[in-house]
Amino acid sequence: MSIFEYNEEEELKKYGQSVYRSGEIKGKAESVILALEMKGPVPEQLKNRIFSEKDGSLLEDWLKAAIKADTIEAFADRTGLKEK
């Protein structure tokens, strides 16, 4: 196959994986926020930081920390997301 040939099926697969991945990341961020909201109001700055994260494994770590933390402040301290 030439580098100038276009494989629509392959490109759609790549696009689909990209869309799935971005949806998966957004879902993980939403889960972290939901877990934190069970402990109280989540500061907007913290929400923005969580939603801006693109590393899925880090979001999973944050979700675990959010579930284990007694307070939002404890979560922020544990994860290094404490406001400065």
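Attention here is on the structure that accompanies the text.

The rules behind these values
- Residues numbered from 1 in each chain as written.
- Predicted model: local features only at pLDDT ≥ 70, side-chain atom pairs only at ≥ 80, totals over all residues.
- Heavy atoms only, no water.
- Helix = DSSP H or I, 4+ residues; strand = E, 2+ residues; numbered from the N terminus.
- Polar contact = N/O pair within 3.5 Å; in protein donor to acceptor, adjacent residues only side chain to side chain.
- Contact = heavy atoms within 4.5 Å.
- Salt bridge = Lys/Arg side-chain N within 4 Å of Asp/Glu carboxyl O.
- Buried < 20%, exposed > 50% of the residue type's maximum accessible area, 1.4 Å probe, protein only.

This part is about the side chain of glutamate 53. Tracing the sequence through the fold places glutamate 53 in the loop between helix H2 (44-52) and helix H3 (56-68). A polar contact of 3.0 Å, which involves the side chain of glutamate 53, links it to the side chain of arginine 49. A polar contact is formed between the side chain of glutamate 53 and the backbone nitrogen of aspartate 55, at a distance of 3.0 Å. Not counting chain neighbours up to four residues away, the residues in contact with glutamate 53 comprise Ile25, Leu58, Leu59 and Trp62.

Below, the discussion takes up the pattern of salt bridges. Considering all chains together, one arrives at six salt bridges under this definition. Ionic pairing is found between lysine 28 and glutamate 24, a salt bridge with its closest N-O pair at 3.9 Å. Here glutamate 24 and lysine 28 lie together in helix H1 (residues 8-37), a separation of four residues that amounts to about one turn. Take glutamate 24: its relative accessible area is 31%, and that puts it in the partly exposed class. A salt bridge links glutamate 37 to lysine 47; its shortest N-O distance comes to 3.7 Å. With glutamate 37 in helix H1 and lysine 47 in helix H2, this pair connects stretches of sequence that are ten residues apart. Among the charged side chains, a network of salt bridges with common partners joins Glu24, Lys28 and Glu60.

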